[in-house]
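Spelled out from the first residue to the last, the chains are:
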Amino acid sequence: VGVFIKALSLLDPGLFDLAIIAGWGKQRRKLEALVLKLGLEEKVEFVGPIQGSSKRRILQDSSCVVIPTLNWEACSLVALESFACASPIVASDIEGVSHFFRYGDFGELVVPNDELALAQGIERVLIDPKSSRLKGKSAREYASQFIWCNIAKQHLRLYESLLGTEIRKVRAVG
């Protein structure tokens with residue numbers, strides 16, 4: 001997150017209204033001090049942990065979601081949640097996140113731990129809102145395959161292929 005804050009300091013202040021940092025971590029006080037040191041206190045808000053409708057609203061209202069992860073991720077839940085909310089991402093080009101970009105252009109991938117590269121990625125997304133909306137729409141379409149009913153159907157097809165037979169479908173009546 002420190003690299004994200006440093007990247008924000010490199011951007012034209014008129015390019016964005018507010019950067020929201022969600023969650024609490026061990027480095028929170030250090031990050032708040034960095035925001036003050038860089039003079040970004042009017043541009044950065046720490047909101048703590050978010051979930052449910054608050055998370056959805058923040059993701060849907062964001063011009064982009066920045067994922068400055070430094071370590072490998074098996075599957076970035078933040079990226080998928082952003083995609084589901086039609087928000088393009090600017091993310092570190094690491095395994096797990098970059099995997100999604102094999103299936104479409106959902107934002108920008110940048111060199112990990114490089115504030116200039118991150119700032120340039122954010123800028124590319126923010127200066128072209130029309131392209132960003134298209135990337136967000138594409139991301140949402142991609143994410144739709146991960147809704148629970150589709151996952152259940154995929155598992156059912158897998159079981160059927162392993163068993164070599166069709167599984168009788170039972171419907172619950174409520």
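Below: a short report on this structure.

### What about the layout of surface pockets?
Taken as a whole, the largest pocket holds about 1400 Å³ of empty space. Along the wall of the largest pocket there are 50 residues; nearest its centre are Phe4, Ile20, Ile21, Ala22 and Val66. Elements with a contribution of two residues or more to the lining of the largest pocket: α1 (2–10), β1 (19–22), α2 (28–37), β2 (44–48), α3 (52–61), β3 (65–67), α4 (77–84) and α5 (115–126). Broken down by element, the residue count for the lining of the largest pocket peaks at 5 residues, all from α3.

### Here we look at the sheet that holds β3
Sheet architecture is open: 3 strands sit in the order β3-β4-β5, paired in parallel fashion. What marks the edges here is a single partner per strand, and that holds for β3 and β5 (107–110). Across this sheet, the average inter-strand angle for adjacent strands is 10°, counted without regard to direction. Alignment of β3 against strand β4 (residues 89–92), held across 3 bridges, turns out to be parallel. Paired with valine 65 across the bridge in β4 is isoleucine 89. Across the sheet, α4 touches β3 and β4, and the angle it forms with β3 is around 165°.

### Quick word on the nonpolar core
Residues Phe4, Ile5, Leu8, Val44, Val90, Leu118 and Ile122 are the most contacted members of the largest nonpolar core, which totals 25 residues. Of all elements in the fold, only α1, β1, α2, β2 and α5 reach the threshold of two or more residues within this core. Tallying contributions element by element places α5 first for this core, with 6 residues.

About the criteria used
Residues numbered from 1 in each chain as written. Predicted model: local features only at pLDDT ≥ 70, side-chain atom pairs only at ≥ 80, totals over all residues. Heavy atoms only, no water. 1 Å grid on protein atoms, 1.4 Å probe; cavity = no way out; pocket = protein on both sides within 12 Å on 5 of 7 lines; lining within 4 Å. Points joined across faces, edges and corners; volume = space filled by probe spheres on them. Helix = DSSP H or I, 4+ residues; strand = E, 2+ residues; numbered from the N terminus. Pairing = 2+ DSSP bridges. Axes fitted to C-alpha atoms, helices over the stretch in contact; angles between N-to-C directions. Contact = heavy atoms within 4.5 Å. Core = buried A, V, L, I, M, F, W, Y, C linked by side-chain atoms within 4.5 Å. Buried < 20%, exposed > 50% of the residue type's maximum accessible area, 1.4 Å probe, protein only.

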